[in-house]
Each structure stands twice: as structure tokens, then as C-alpha cells.
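Each chain is listed here by its residues.
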Amino acid sequence: MESENLKIETSTEKTKNFLEEIVEEDIRTGKHGGRVLTRFPPEPNGYLHIGHAKSICLNFGLAQKYNGNTNLRFDDTNPVKEDVEYVNSIKEDIEWLGFKWANEFYASDYFEQLYQWAELLIQKQLAYVDDQTQEEIRANRGTVTQPGKDSPYRNRSVEENLDLFRRMRAGEFKDGEKILRAKIDMAHPNMLMRDPILYRIIHTEHHRTGDKWCIYPMYDYAHGQCDSIEQITHSICTLEFDVHRPLYDWFIEKLEIFPSHQYEFARLNINYTVMSKRKLLQLVQEKTVMGWDDPRMPTICGLRRRGYTPESIRYFAEKVGVAKRDNVIDLSLLEFCLREDLNKRAERRMAVLNPLKVVITNYPEGQVEELPATNNPEDESAGKRMVPFSREIFIEQDDFMENPPKKYFRLAPGQEVRLRYAYFIKCEEVIKDAQGNVVELRCTYDPASRGGNSPDGRKVQGTIHWVSAQHAVKAEIRLFDRLFAKADPDDVEEGTDWKSSINPESLKVIEGLLEPSLQNVKHLDKFQFERLGYFSVDYDSTSNKLVFNRTVTLKDTWAKISGQ
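Residues numbered from 1 in each chain as written. Predicted model: local features only at pLDDT ≥ 70, side-chain atom pairs only at ≥ 80, totals over all residues. Heavy atoms only, no water.

A. Inspection of the overall build of the protein chain at higher detail. Looking only at helices and strands, the protein chain features 13 helices and 28 strands. Taking 564 residues into account, the globule formula puts the C-alpha radius of gyration at 24 Å, and the protein chain, at 31 Å, lies well above it. In the protein chain, buried positions account for 53% of the 564 residues. For the protein chain, restricting intrachain contacts to residue pairs at least 6 apart in sequence, the fraction spanning at least 24 positions comes to 71%. Per element, the accessible surface of the protein chain, about 26,200 Å² overall, is 45% carbon and sulfur. Here the protein chain contributes 78 positively and 91 negatively charged side chains, and the mean placements of these two sets differ by 3 Å. (Helix = DSSP H or I, 4+ residues; strand = E, 2+ residues; numbered from the N terminus. Rg over C-alpha atoms; globule rule 2.2 N^0.38 Å. Buried < 20%, exposed > 50% of the residue type's maximum accessible area, 1.4 Å probe, protein only. Contact = heavy atoms within 4.5 Å. Areas by Shrake-Rupley, 256 points an atom, 1.4 Å probe, with all protein chains shown as cover. Lys, Arg positive; Asp, Glu negative; His and termini not counted. Charge placed at Lys NZ, Arg CZ, Asp CG, Glu CD.)

Written out as C-alpha cells, the structure reads:
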């Protein structure tokens, strides 16, 4: 796999990706009557992640661009792992991303047709019932360099195979007792063509069909036939399915049905991330994270809870593009796309996360002023809000240094600084506790500098944020960082596994002080806390206890990587 640092395109002209070229050529030649119909076929056995989001953007976006449609089809062929909870979450995620499917289908809609086609393959002597165990099938499959061995049941008669297959459907046999296999070639160089399994027995209730069926088609059998039934013109899969395409085509050819065609593109890989469904499930089950929607998870619901916007994810998918070879995308690109979007839409607020008390000694006791503050400098229509100012305020501890180096422009003894939207203040006295820790600053202010400028024109280079002590609103602040400390979580020492790469500092919970305008926020409201980062209101937040998630810091490492 190749690691790539993609340059951010500044040109307005975009070259077509290879899938767009294929679609345009099909339209030009009148293939399928110029019709474009794609599909998104998730398994309802887990939550979608950022990799699925790329596939969603590609399938739906391609159809939209060429005036086509996209079907949502749930590949519900394994009742053991499936649940309606996943069906609902998948639909919610797709709609949240901004897409709408033309039709909602399920592989289970086609179970009867798939069964009839399986009987047709038997009648054509292209399928047979096998009594071998899983272990025997695996042992007889051969290797990449050695051909497999024919099953002793491979040459059963059509009549016997039909009888056994119908009895499989009727529920006469136990799980694993018999399977239906395609009869292709046990010496085929493509291991997937060595008599692949078409049906297995599973005596488990299905979330849609109940106990009507006890035999279920394998994905490789159901996939292409479902595409064909719906007359999908462009079946787009990730690159690992390219070796499955000969089997996809074989079924369509032998059944003589509508010739849907499969195309493959590189799946999305992001550093500092795992996207294996098995690994994500393990994180949830072992309570390493709070759940599928933990803001550190790469799931779409986790990204949503963290404060990501659908626009930022669509922008990311566009930036990543469509490739034919696997690569690793830098997580910083995703964060760059998020900052680009939030900078335009997130209103600014002031919050202090590591408070240091400041008393303005020459400010009148009991006086409160309401000062105008800009909601979003990127959006004039966002207007202004009023922020209360009083004699006692809180600033960030990091914005004060008792013995500062040269070119330190924030608050220091005898040094002046600008309070955002307010006044110039000068530090006159430093109060410490018994251990020598700074606990309070005594400052004076310049009444003539209201709004941040002084009539005498003197320059004050440093500007810091603050909150009024008597008006500050307390909130729980969850400072999220990358879930993994290593770019490649699987790059671990011998004897350890990928979980040893988990970042122990991926979540810090602190109490912050916010300006009072943040008292009445709603879940998922997004703000830039000035000079600190972008934050979003968590689902746990209530009017009595506000909870904010840090979505992303203001520092843009991607711009440095890309040389922008």
C-alpha cells in the first residue's frame, strides 16, 4: 500500500476520474439507453464509517452528475449478524450526508428469485449439493500453486441435487450439514472460482422474513443477481472485489440475465485510524470507547457527534478523489476539510478552559457593560452579540507569563494586552498561593480603549480572550484527540496487537467557563471558541450541565504538510 500526501488543488478545473470517463463513454454510445443507475449495498450488521461515506458520495454523486439514480439495497443475507437498528442508522447516515435514494430494496426482497435461479443452475448442471464439512472443503480447495480436489458429491445427478436442495429449503437438515456449490473448476487459478458456495443452512430468524427461510445465499451469489434484477448499470465496489468480478460475470452469463457490470475503485484508508468492522466492534464491546458514536470513532455517527458537518465529509471525499490503487490518506486532510467548512459557518464565542482570575482594580465595582462582539468575521449576515464585561474576569493561564521571553505579547507584569472586544489592561500585581502558584492577577484598564483601540494610537500587539467571572457559565469540555498514537495502528512490536497503539491521551475531560450566550444551545450546535478550536454540543448536554466536544483544534497541520 502506498502512502500519499495529496496536494490541495487550487485549480477550478477538475480532471475526470476513470469512473466518470466510463459513464460518459457509456452515455455517448447509448449503452443501457444512456441510463445511469448505481446502488449502495451495505450489510445491516454494523454502523457506517468514513470509508462508507466515500463510497456513498461516489455512488450517489456519480448518479446525480449524470442525471441518474441510486438505489439503497441492504445486503441482508446473513440473519445471524443483522438487526433493524443497523438498517435505521444506515438510512439516517445517508440522509445526513445529504443524499436521497431512488428506491429502498433488500436482498431478501429477491430470495425467491435467487432460489429459482439456483434451481436453474442445478438443472444446467452448474450447481450441486455438497455434504462435505467446512474443514473438508477448506482442505480440498487447494492453494494458489496447487489445484483443488473435486468433491465426492460433485457429480450427483440433477434429480438428486434438486431433491436435496428443496429439502434444504424445507428445513430437513441441520446448520452446516449441506451446502449448495457452483460447479465451475476446482483447478481455476482464481481461488474464488473453485466451486464457490452459493447457499448455506442457517436456522435463525431473519429481521424481515422471519422463519420463512432457513437457507441463505452467499454475498457473491446474491450481489450480481440483485444488481441484475434492479438493472444496475454501474456496480461500483472497492478494489478488494476485483477478484470477485469473474464470478460476478459468470453467474450473469450462465443465467442469461441483465448484464450489470462491476467496477472497482481504491478503498479509503486513513492513518491513525482503523476501519475494520471487526476491530471497531471490539473497541465497542471491550468499552475502549463509549459506543459506536464515540467522537473518536471513524463511524459517521461518531463524526457527527464530534461536530463534523456533512459538507466537510463530502468535501473530503471530493479531495481524496477516485483512484485505482490503494493509498493511505493523511487524517490531517480530513481535519483541513472540516476547518474550511466550520470557519465559514461556525459562530465565534469566548470560552476559558484553564482559568486564571483577573481583577481590574480601577474598574468600578458592581458595574457591568455589554460589549458588541462579532459572531462570524467570515459571514457579515451572522451579525453581532452582546458580551457582558465586569471588574473580575477569567483569562487562560497560558496567556500570562511572569518572566516572559522576548517577543512575548500576551500578559506579563508591567505589560499591556488587548482584551478581545473590550479594553487594554496592564498587569500591575501577581498574587500567589503558599506553593508559589499564580492564582490571581491585579490589573488596571484604560477606559479610553473600549473596543480595542486607544485614542493616543499606541500599539498593543497581543489580544487575548476572556469571560466575565460573575456571568461565566460552567461546562464540561471533552478534549478529543486521535484514538491511535501511531499512524499505522497495526505497526506494533511482536507479541502485541493493534490495541497497544491506542492513544491513552485521546480524551481529557475538564471544566471550562463560557460566555453566557452559550447557555441555551442545542445538541450538535457548533462554535469556534476563539483561539482554542471548534467545539460542538454533545448529546449528553442538558440545560443544567452543558457538555461540549472539541471537534478539531485551530492549528492546521495539513496546510504545512501540503506546502500551502
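Next, the rest of the story.
B. Main features of the state of the cysteines. Per the counting criterion, the structure on display carries zero disulfides. C214 takes part in no disulfide bond, and the closest cysteine sulfur, belonging to C226, lies 19 Å away. You can see C237 has no disulfide; the closest cysteine sulfur is in C226, sitting 12 Å from it. By relative accessible area, which is 6% here, C237 ends up buried. (Disulfide = S-S within 2.5 Å.)

C. Expanded view of the sheet that holds strand β24 (residues 473-480). Read from one edge of the open sheet, seven strands run β13-β26-β27-β28-β24-β25-β14, paired in mixed fashion. The sheet terminates laterally at β13 (347-349) and β14 (351-352), the two strands that pair on one side only. The pairing of strand β26 (residues 526-529) with strand β27 (residues 533-537) spans four bridges and is classified as antiparallel. Paired with F527 across the two strands is F535, which belongs to β27. Contacting β13, β26, β27 and β28 (546-553), helix α12 (residues 331-345) runs over the sheet at an angle of about 120° to β28. (Pairing = 2+ DSSP bridges. Axes fitted to C-alpha atoms, helices over the stretch in contact; angles between N-to-C directions.)

D. Molecular detail of the environment of T553. Tracing the chain through its elements places T553 in strand β28. Along the primary structure T553 and D83 are separated by 470 residues, whereas in three dimensions their C-alpha atoms are 36 Å apart. Apart from the residues lying within four places of it in its own chain, the contact partners of T553 are R339, L532 and G533.

E. Structural context of α12. Between its terminal C-alpha atoms α12 stretches 22 Å, which fits the 21 Å expected from 15 residues at 1.5 Å a residue. Measuring from the side-chain oxygen of the N-cap residue of α12 to the backbone nitrogen of S332 gives 2.8 Å; that N-cap residue is D330. (Expected span 1.5 Å × (residues − 1). Polar contact = N/O pair within 3.5 Å; in protein donor to acceptor, adjacent residues only side chain to side chain.)

F. Structural detail: the side chain of R296. You can see R296 is positioned in the loop between α9 (277-285) and α10 (300-306). A relative accessible area of 14% means that R296 is categorised as buried. Among the polar contacts listed, one links the side chain of R296 to the side chain of S506, at a separation of 2.9 Å. The contact partners of R296, leaving out residues within four places of it in the chain, are T288, V289, M290, R306, F480, D481, L483, S506 and L507.

G. Highlighting the packing of helix α1 (residues 18-28) against helix α2 (residues 50-65). Relative to each other, α1 and α2 sit at 40°, their axes nearing to 11 Å. Helix-helix and strand crossings are classified by hand; for α1 and α2 the assignment is right-handed. On α2, the residues that touch L19, E20 and V23 of α1 are L58, L62 and K65. The residue inventory of the contact of α1 with α2, partitioned by class, reads four nonpolar, no polar and two charged. (Left-handed = near helix turned anticlockwise from the far one by under 90°. Nonpolar A, V, L, I, M, F, W, Y, C, P; charged D, E, K, R; others polar.)

H. Representation of α2. Here α2 spans 22 Å end to end across 16 residues, near enough to the 22 Å set by a 1.5 Å rise per residue. The first or second residue beyond α2 is N67, which carries a positive phi of 55°.

I. Representation of the packing of aromatic side chains within the structure. Evaluation of the coordinates by the stated rule reveals 23 aromatic pairs. Measuring from centroid to centroid gives 5.7 Å for Y199 and Y221, while their planes differ by 55°, and the two rings are tilted. With a gap of 22 residues between them, Y199 in strand β7 (residues 197-201) and Y221 in helix α7 (residues 219-230) connect regions that are remote in the sequence. When sorted by exposure, Y199 lands in the same class as Y221, which is buried. Between the aromatic rings of F484 and W498, the centroid separation amounts to 6.2 Å while the plane-to-plane angle is 50°, which identifies the pairing as tilted. Of this pair, F484 sits in the loop between β24 and β25 (507-514) while W498 sits in the loop between β24 and β25; the two residues are 14 residues apart in sequence, bridging distant segments of the chain. A residue is classified by how much of its surface remains accessible, and F484, at 2% relative accessible area, is buried. (Phe/Tyr/Trp six-rings, centres within 6.5 Å; stacked < 30°, edge-to-face > 60°.)

J. Focus on the packing of helix α4 (residues 111-123) against helix α8 (residues 245-255). Orientation of α4 relative to α8, taken along the N-to-C sense of each, is 75°, at an axis distance of 10 Å. The pairing of α4 with α8 is recorded here as roughly perpendicular in orientation. Of α8, the residues touching α4 (which contributes W117, L120 and L121) are F251, K254 and L255. Classifying every residue of the contact of α4 with α8 gives five nonpolar, no polar and one charged. (Parallel < 35°, antiparallel > 145°, perpendicular 65-115°, else oblique.)

K. Representation of the sheet that holds strand β23 (residues 467-468). Pairing is mixed across the open sheet formed by seven strands, whose spatial order is β22-β19-β20-β21-β15-β18-β23. Strands at the two margins of the open sheet, each flanked by one partner only, are β22 (463-464) and β23. Bridging between strand β18 (residues 392-396) and β23 involves two bridges; their strand directions are antiparallel. Among the inter-strand pairings, F394 is bridged to a residue of β23, identified as V467.

L. Quick look at the pairing of β27. By the criterion of burial, β27 is predominantly enclosed, with five of the five residues buried. Going residue by residue along β27, you find G533, F535 and V537 tucked away on one face and Y534 and S536 tucked away on the opposite face as well. Counting the residues that bridge the hairpin from β26 to β27 gives three residues, and of these R531 lies at a positive phi of roughly 70°. Taken together, the five bridges between β27 and β28 define a ladder with antiparallel strand orientation. Paired with V537 across the bridge in β28 is F548.

M. Spotlight on the pattern of salt bridges. Applying the stated criterion across every chain yields a total of 52 salt bridges. Here K65 and E20 are joined by a salt bridge, their closest N and O atoms 3.0 Å apart. On the criterion of sequence distance, the pair formed by K65 in helix α2 and E20 in helix α1 is long-range, its members being 45 residues apart. Residue K65 is classed as partly exposed on the basis of its relative accessible area, which comes to 47%. Salt bridges sharing partners connect three or more residues here, namely D293, R305, E476, R478, D538, D540 and K545. (Salt bridge = Lys/Arg side-chain N within 4 Å of Asp/Glu carboxyl O.)

That is the geometry; function is a separate question.
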